[in-house]
Amino acid sequence: MLLAYNWDFSFMDEYGSYFLTGIRMTLEVSLLAVLSGLVLGTLVSFLRMSRLSPLRFVGSSYVEVIRGTPLIVQLFIFNYGLPIFLGFDIGIFTAAYLTLTVNSGAYIAEIMRAGIQAVDKGQMEAARSLGMSRSLAMRQIILPQAFKNVLPALGNEFIVVVKESSILSVVGFAELTYQANTIRGATFITIEPLLIIAGIYFVLIFTMSKLLGIGERRLKASD
Amino acid sequence: MIKVRGLMKSFGKATVLNGIDADIAKGEVVVVIGPSGSGKSTFLRCLNLLETPNGGEIEFEGKRITDKGLNIDVLRQNMGMVFQQFNLFPHKTVLQNISLAPIKVRNTSKSEADKIGMELLRRVGLEEKRDAYPSRLSGGQKQRVAIARALAMRPHVMLFDEPTSALDPEMVGEVLDVMKSLAREGMTMVIVTHEMGFAREVGDRLLFIDGGVIVEQGVPREVLANPRHPRTKEFLSKVL
């Protein structure tokens, strides 16, 4: 059967550029989402570690709700629900970006919390004993060390987001998987576009994990 | 300079400090000894409010620091602290460890802070380590950097929490030498230690703490040679 199959990549002439657009959209939305998710997640991790129990409650509710619901449902809510709620159209890019940010923010909050709590207690004490305020010590002493601790986990999260961004195709966000579907619909060629995007995803992610390895080694300069 | 009255501290149900009264004069070197779990480290940590007392009062340079609403950060700028575990900042070089607080807290210019840092490094004999990261230093070197870091804020008093307890024996001397030179220059110091020889040689006064109270105090040479209280006798017979 396999040998009998007639491979047909003739669509590449006409549709090759679709893949490039897809790569750009996938990377753009994933990178933006993870960066925003890092900021959001760090803030939420502060809520979760707060001395005030209402703040802790807000932080952990967010994390639990996001982790306890499917990404695709979150996407539908942001894409179809939010415009109804707001009364105006937010555009598909914004909906996609918000979904991924809010989703990865919850996971990153847990990563950051673990990273911050793994920094030795003596570091905060030493910083405070020098007259640094809590927030200055957090920024100068704790967060840089925490960030270094969690870089592998953050890299992992980025990789997860790149892969999960394929779900955005369901609502018509023109990322890589959506492009393959478009080509499939237009040409009735099924397997070839899918194999191509599988290859592209793999190369993207493999490259990223290599780059992350280099970044980690750089940060180890002080070990 | 420091006045402590009726200091109380408990962790949950465990009472660690049970009414401590002490006065520390400017330029005085006070050594604090006692069995482990006696509350001596907690006493020291209460002085710069790393632990919040449950009762009693502490006055520092005429200000009651146990009052609510006091700016703890300003207080701590004038009280240096050296920890048993050094607690150097591992992601900063030796010189950055020292200059960070002057730059960020005192708004000293970087060049000025580096100058102060290099002076202090010279003083503790570690100039050539300025760009090394703490992980490359021996325990004794780490503790000397930690002392330099605390001194960079030009504190009025230095608190030492068992500064040599985490060191290999051959490195204790280099750290004690730095502390001795500080004492000679008239720095006010409160030192929790197990180094009885150092206490005898450098201390102006010795406090023996046990069970959360000061059991006995006096000139180190006399207390160590002729302890009066049975608990002091028992402790000293074990460590001397």
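Within an unreviewed UniProt entry, the label attached to chain B reads Amino acid ABC transporter ATP-binding protein, and the organism entered is Cohnella luojiensis. According to UniProt, the comment filed for chain B under the heading Subcellular location (unreviewed entry) is "Cell membrane".

Chain A goes by Amino acid ABC transporter permease in an unreviewed UniProt entry, where it is assigned to Cohnella luojiensis. UniProt lists a comment for chain A under the heading Sequence similarities (unreviewed entry), and it reads "Belongs to the binding-protein-dependent transport system permease family. HisMQ subfamily." Looking at the Subcellular location (unreviewed entry) heading of the UniProt record, one finds this comment for chain A: "Cell membrane".

Colleague: Can you help me understand the overall build of chain A in this one?
Modeller: Of regular secondary structure, chain A possesses 8 helices and 0 strands. Dimensions of chain A along its principal axes, counting C-alpha atoms only, are 75 × 50 × 30 Å. Per-residue burial for chain A yields a buried fraction of 45% across its 223 residues. Sequence separation of at least 24 residues holds for 76% of the intrachain contacts in chain A that already meet a minimum separation of 6.

Colleague: It is not clear to me how the sheet that holds strand β1 (residues 2-11) of chain B should be interpreted in this structure. Could you clarify?
Modeller: One key point about sheets: their strands pair by backbone hydrogen bonds, in either a parallel or an antiparallel sense. Residues and elements named next belong to chain B. The 4 strands lie next to each other as β2-β1-β4-β5, forming an open sheet whose pairing is antiparallel. The sheet is open, and its two borders are formed by β2 (14-24) and β5 (63-64), each paired with just one other strand. Strand direction decides the pairing type here: β1 and β2, joined by 8 bridges, are antiparallel. From the neighbouring strand, Phe 11 faces β2, where its bridge partner is Ala 14.

Colleague: Honestly, the sheet that holds strand β9 (residues 205-210) of chain B in this entry has me stumped. Any pointers?
Modeller: All names here are of chain B. The 6 strands are arranged β6-β7-β8-β3-β9-β10 in an open sheet whose pairing can be described as mixed. Strands at the two margins of the open sheet, each flanked by one partner only, are β6 (79-82) and β10 (213-218). Sheet twist, expressed as the average angle between the axes of neighbouring strands with direction ignored, equals 20°. Sheet strands touched by helix α5 (residues 139-151): β6 and β7 (157-161). Its angle to β6, the strand with the most contacts, is close to 170°. The strands touched by helix α6 (residues 169-184) are β3 (29-33), β7 and β8 (188-192); relative to β8, the strand with the most contacts, the crossing angle is about 145°.

Colleague: Would you mind going over the UniProt feature "transmembrane region" (unreviewed entry) in chain A with me for this structure?
Modeller: Residue and element names in this part refer to chain A. Here the UniProt-annotated "transmembrane region" (unreviewed entry) positions come out as residues 29-50, 71-98 and 194-213. A distance of 31 Å separates the end C-alpha atoms of residues 29-50, which is 91% helix and 0% strand. In the segment residues 71-98, helix accounts for 82% and strand for 0%; the C-alpha atoms at its two ends are 12 Å apart.

Colleague: Any chance you could explain the pattern of salt bridges here in plain terms?
Modeller: A side chain with one charge may pair with a side chain of the opposite charge, provided their charged atoms come close. Evaluation of the coordinates by the stated rule reveals 22 salt bridges over all chains. Because the salt bridges share partners, they merge into one network encompassing Arg 48, Glu 110 and Arg 113 of chain A.

Colleague: What is the right way to read the environment of Glu 164 of chain A from this model?
Modeller: Residues and elements named next belong to chain A. With respect to the element layout, Glu 164 can be found in helix α6 (residues 134-164). Accessibility expressed as a relative area gives 33% for Glu 164, which makes it partly exposed. Distance in space between the C-alpha atoms of Glu 164 and Leu 71 is 8.4 Å, their sequence separation being 93 residues. Once you skip the residues sitting within four places of it in the chain, Glu 164 turns out to touch Leu 71 and Asn 103.

Colleague: Even after reading the chapter, I still don't get helix α5 (residues 121-129) of chain A, so can you show me in this structure?
Modeller: Residue pairs three or four apart in sequence face the same way in an α-helix, which turns once every 3.6 residues. Taken across its 9 residues, α5 of chain A has 8 buried, putting it largely inside the fold. Among the residues of α5 of chain A, Gly 122, Gln 123, Met 124, Glu 125, Ala 126, Ala 127, Arg 128 and Ser 129 of chain A are the ones counted as buried. Among the structural elements, α6 of chain A together with α1 (40-47), α2 (72-77), β6 and α5 of chain B are those in contact with the buried residues of α5 of chain A. Its side-chain oxygen 2.8 Å from the backbone nitrogen of Gly 122 of chain A, Asp 120 of chain A forms the N-cap of α5 of chain A. After α5 of chain A finishes, the residue Gly 131 of chain A shows a positive phi value of roughly 95°.

Colleague: Help me understand the interface of chain A and chain B in this model?
Modeller: Buried accessible area, meaning the area lost when the parts come together, often serves as the stated size of an interface. Contact with chain A, which involves 20 residues of that partner, is made by 25 residues of chain B. Our enumeration of links across chain A and chain B arrives at 2 salt bridges. Across the salt bridge formed by Asp 73 of chain B and Arg 128 of chain A, the nearest N and O atoms sit 3.1 Å from each other. Counting the contacts that link chain A with chain B gives 5 residue pairs in polar contact (both at pLDDT 80 or more). Ranked by residue count, the leading element in the side of chain A that touches chain B is α5 of chain A, at 7 residues.

About the thresholds
- By convention here, each chain's residues receive numbers from 1 onward along its written sequence.
- To read the labels, note that chains go from A and ligands from 1, taken in the order they are written.
- This being a predicted model, a pLDDT of at least 70 is required before a residue's local features are given, and a value of 80 or more before pairs of side-chain atoms are given or counted; all residues contribute to the totals for chains, interfaces and linings.
- Excluded from the side-chain calculation are hydrogens and water; included are all heavy atoms of the structure.
- UniProt positions are given in the numbering used here, feature names are shortened, and annotations may be inferred rather than shown by experiment.
- Each helix is a run of H or I in the DSSP string that is no shorter than four residues. Each strand is a run of E no shorter than two, and both are numbered from the N terminus.
- Residue exposure (1.4 Å probe, protein chains only): buried if accessible area is under 20% of the type maximum, exposed if over 50%, otherwise partly exposed.
- In this description, contact between two residues means that some pair of their heavy atoms is separated by no more than 4.5 Å.
- Here, a strand pair is defined by DSSP locating no fewer than two bridges between the strands.
- A fitted line through C-alpha atoms represents every axis, and for helices the fit uses only the stretch in contact; the resulting angles, taken between N-to-C directions, go from 0 to 180 degrees.
- Here, a salt bridge means any Lys or Arg side-chain nitrogen found within 4 Å of an Asp or Glu carboxyl oxygen.
- Polar contact is the term for a pair of N or O atoms within 3.5 Å; when the atoms are in protein, one must be able to donate a hydrogen and the other to accept it, and sequence-neighboring residues count only if both atoms are side-chain atoms.

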